[in-house]
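# Tertiary structure, described
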Amino acid sequence: MIDYTEKIPNNVDLGRDRVLQRALEHWQPAYMSWWYDAGPTESHNYEVYLRTAITVEPDGWAKFGYVRMPEYRWGIFLQPRSAERAVNFGTHKGDPAWQEVPGEYRSTLRRVIVTQGDTEPASVEQQRMLGMCCPSLYDLRNIFQVNVEEGRHLWAMVYLLHRYFGRDGREEAEALLERRSGDVDNPRILGAFNEPTPDWLAFYMFTFFTDRDGKFQLSALAESGFDPLARTCRFMLTEEAHHMFVGETGVSRILQRTCEVMREHKVETPGDVRALGVIDLQTMQKYLNFHYSVTIDLFGSDASSNAATYYTTGLKGRYDETKIEDDHVLADEVYPVFEVVGNKIVERKVPALTALNERLRDDYIHEIQAGVDRWNRVIENAGISFRLRLPHKGFHRAIGNFAGQFISPDGEVLTKEAWHNHERDWLPAPEDHAFVQSLMTGRVVEPGKFANWIAPPIRGINGQPLNFEYVRFN
Ligand code: BYC
């Protein structure tokens, strides 16, 4: 059980390490001022029906109740230690998992933890205005749940920095509260976390696509030979699942509503669909193209010596590393990556160790495709012939072999000019954003009511009815 009588709830026996406890208690007010400054706008007095972790055990770890978000009990929760755990891959394979940071890998490990930690507050910053135009109390509660948990994920990384990296860890922890998403002078580290999330369609796409990058990166870090990192990531993954659920069902409900209106009014063209106050399927496809392409950039370069180092040193594994049947060293393996030669996309085999980013991206794409197939079933069940499609992996990329190339969603290599001539057909144009935002000018807060552009969910949260008062405004 987690001790909630502590100032910083935790299951790591924080009280026994006074120096660490004081350092974190010193960071806590800075975190709170970040939350007041960059957390959800105007939300500080709301009472929100939130889930809080009470144990890290797989069964019954959550408790639901009304909480004012600034009073949410952000804390430090690691999955229990298993005495026999070993390093499962790389040159140290078979050694006991490390309980302290191996000196020679200190800076590499710190960098991975900082990069992971940086995404968490970034996403809260990106979403901070959305409460002002929520489509229902149910959705408002869900975004707040996502936000407080991202805050906790920041705590998870900050604990590792403070506990294991001394003074430079503390400095990094402070810097995590100083960078801001989209700030020209001090931006967040990774590209997608500096993009705006201007509306709820973008939010659902983000939680479907980008939170799932979180799932895959956390899964790779959950394999780490550095045991405290592995244990904290395992617990973070249980929270991540709800975020992806919010994204997948959010998009699905928008599709459902659009399809209902299209059928009821027998309309098909985007203009006619929009005139009825719902989001046309073509605009959904453009948002999908955008979020998918910026998210697959987050996996890094197709061939990366950093990725090879992370693996050989035992710091970051593959997705489901311990379930894969091979030597877990990969010294003699190859893996296909793609590159543009002339006006063709060609496959090239590279050492598997350098292609680990690409491999993780491929694992991710496989899972994403299954989600898109589920969305398409909503459209198909409505008897509409339109289908959503993932664009080619090379479309609209800024990182890796496709950066600087002009690839169409079908995978054709185009000239810069030809590509830009079609850009408005493929990615949301300012008018598309303006249209989506025109649907979201105010918030829908009557219990049980939903905005016209989205269908209600199938069920409420924690068995509560749809007309439950998920947020009280006071
Ligand atoms: N934007 O060798 P490469 C989540 C940089 S999401 C900007 O390919 P590497 C969440 C790279 O840093 C999961 N820069 O890189 C989701 C490097 O810079 P330096 C977050 C980029 O290291 C929703 C250079 O390019 N977790 O949790 O192999 C809500 C060379 O690149 C980008 C992690 O990412 C980019 N997209 O791979 C809330 C896990 N990509 O060193 C939360 C930790 C690359 O030359 N991070 N660069 O200055 C990592 O494992 C690795 O840093 C990456 C990059 C996989 C991201």
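Everything discussed here concerns the structure shown above.
Residues numbered from 1 in each chain as written. Predicted model: local features only at pLDDT ≥ 70, side-chain atom pairs only at ≥ 80, totals over all residues. Heavy atoms only, no water.

### A few points about the sheet that holds strand 5 (residues 471-472)
Across a sheet, strands are paired by hydrogen bonds formed along the backbone, either parallel or antiparallel in direction. Heads up, the condition is: Two strands are counted as paired when DSSP detects at least two bridges linking them. A run of H or I in DSSP counts as a helix once it spans at least four residues, and a run of E counts as a strand once it spans at least two, with each numbered from the N terminus. Contacts: residue pairs with any heavy atoms within 4.5 Å of one another. Helix axes are fitted to C-alpha atoms over the stretch in contact, other axes to C-alpha atoms as well, and angles between N-to-C directions run from 0 to 180 degrees.
Within the open sheet, the three strands sit side by side as 2-1-5. Their pairing is antiparallel. Whereas interior strands pair on both sides, the edge strands pair on one side only; in this sheet they are strand 2 (62-68) and strand 5. In this structure, strand 1 (residues 47-53) lies alongside strand 5, joined through two bridges in antiparallel fashion. The partner of V48 across the bridge, within strand 5, is V471. Along the sheet, helix 3 (residues 137-164) contacts strand 1, strand 2 and strand 5; its crossing angle with strand 1, the most-contacted strand, is approximately 45°.

### Quick notes on the site of the ligand
Rules: Nearness is judged by heavy atoms alone; a residue qualifies as near a molecule or strand once a single heavy atom is within 4 Å of it. Counted as a polar contact is a pair of N or O atoms within 3.5 Å, where, for protein atoms, one must be capable of donating a hydrogen and the other of accepting one, and residues adjacent in sequence contribute only when both atoms are in side chains. Accessibility throughout is a Shrake-Rupley quantity obtained with a 1.4 Å probe, and a residue counts as covered only by protein chains that appear here. Amino acid classes used here: Ala, Val, Leu, Ile, Met, Phe, Trp, Tyr, Cys and Pro are nonpolar; Asp, Glu, Lys and Arg are charged; the rest, including Gly, are polar.
Neighbouring the ligand are 30 residues, the closest being R111, Q116, S301, S304 and K316. Between the ligand and Q116, the relevant distance is 2.6 Å, taken from a nitrogen atom to a side-chain nitrogen or oxygen of the residue. Residue N357 places a side-chain N or O atom 2.9 Å away from an oxygen atom belonging to the ligand. Protein contact buries 81% of the 1,100 Å² of open area that the ligand shows by itself. Here the shell around the ligand takes seven residues from helix 2 (residues 106-126), the largest share from any one element. In terms of residue class, the shell around the ligand is made up of 10 nonpolar, 13 polar and seven charged.

### Some thoughts on the nonpolar core
Rule in force here: We define a nonpolar core as any set of buried Ala, Val, Leu, Ile, Met, Phe, Trp, Tyr and Cys residues linked to one another through side-chain atoms lying within 4.5 Å. Remark: exposure states derive from per-residue accessible area (1.4 Å probe, protein chains only) relative to the maximum for the residue type, with buried under 20%, exposed over 50%, and partly exposed in between.
Core analysis: the largest hydrophobic core is formed by 115 residues, its most contacted members being Y31, W200, F209 and W375. Residue contributions to this core peak at 16 residues, all from helix 3. In this view, W200 contacts L130, C133, C134, P135, D139, L140, I143, M440 and W453; residues no more than four positions away in its chain are not counted. Core analysis: the next-biggest nonpolar cluster, separate from the first, contains 11 residues, A192, F193, W419 and W426 among them.

### A few points about the packing of aromatic side chains
Going by this rule: Stacked, tilted and edge-to-face are the three classes assigned to paired rings of Phe, Tyr and Trp, where Trp is represented by its six-membered ring and a pair needs centres within 6.5 Å; plane angles under 30 degrees give stacked, over 60 edge-to-face, the rest tilted. Comment: the charge-over-ring label is applied if NZ (Lys) or CZ (Arg) is within 6 Å of the ring centre and within 35 degrees of the ring normal.
Under the counting rule described, the total for this entry stands at 37 aromatic pairs. Between F395 and W426, the ring centres sit 5.9 Å apart and the planes meet at 85°, which makes this aromatic pair edge-to-face. Highlighted residues: F395 in the loop between helix 10 (356-381) and helix 11 (416-426) and W426 in helix 11, separated in sequence by 31 residues. Owing to a relative accessible area of 1%, F395 belongs among the buried residues under this scheme. Positioned above the aromatic ring of Y66, the side-chain terminus of R472 is 3.6 Å from the ring centre.

### Section: the state of the cysteines
Rule in force here: In plain terms, two cysteine sulfur atoms within 2.5 Å form what is called a disulfide here.
Inspection of the entire model under this criterion finds zero disulfides. Here C134 is not disulfide-linked; the sulfur of C133 is the nearest cysteine sulfur, at 7.4 Å.

### Some remarks on the pairing of strand 3 (residues 334-341)
For strand 3 and strand 4 (residues 344-351), the ladder comprises eight bridges, and the chain directions are antiparallel. Residue pairing for strand 4: P336 is matched across the bridge by K349. The hairpin turn running from strand 3 into strand 4, its antiparallel successor, is two residues long, and G342 in that turn takes a positive phi close to 60°.

### Regarding the pattern of salt bridges
Quick note on the threshold: Salt bridge criterion: a side-chain nitrogen from Lys or Arg within 4 Å of a carboxyl oxygen from Asp or Glu.
Applying the stated criterion across every chain yields a total of 36 salt bridges. R167 is paired through a salt bridge with E171; the nearest N and O atoms lie 3.9 Å apart. Of the two residues, R167 and E171 are both situated in helix 4 (residues 166-178); the distance of four residues between them amounts to about one turn of the helix. Looking at R167, the relative accessible area reads 60%, which means it is exposed. The closest approach of N and O atoms between D326 and R318, which form a salt bridge, is 2.8 Å. Among the residues examined, R318 registers a relative accessible area of 3% and is labelled buried. Three or more residues joined by partner-sharing salt bridges are found here, namely D37, D118, E125, R179, R180 and R188.

### Some remarks on the packing of helix 8 (residues 281-297) against helix 10
Quick reminder of the rule: Angle categories are assigned with fixed cut-offs, so that under 35 degrees is roughly parallel, over 145 is roughly antiparallel, 65 to 115 is roughly perpendicular, and the rest are oblique.
For the pair helix 8 and helix 10, interaxial distance at closest approach is 12 Å and the crossing angle is 170°. The orientation of helix 8 with respect to helix 10, classified from their angle, is roughly antiparallel. Residues L281, L288, Y292, T295 and I296 of helix 8 form the contact with helix 10, whose own contacting residues are R361, Y364, I365, I368, V372, W375 and I379. Of the residues belonging to the contact of helix 8 with helix 10, the class tally is 10 nonpolar, one polar and one charged.

### As for unusual backbone geometry
Leaving glycine aside, a negative phi is the common case for residues, and trans is the common case for peptide bonds. A positive phi angle, close to 50°, is found at K266, a residue other than glycine. Examined against the element boundaries, K266 turns out to sit in the loop between helix 6 (227-265) and helix 7 (270-275). Take K266: its relative accessible area is 74%, and that puts it in the exposed class.

### As for the environment of P351
The topology assignment puts P351 in strand 4. Taking relative accessible area as the criterion, P351 reaches 47% and is therefore assigned partly exposed. C-alpha of P351 to C-alpha of R318: the two residues are 33 residues apart in sequence and 15 Å apart in space. Apart from residues lying up to four places away in sequence, P351 is in contact with E333 and V334.

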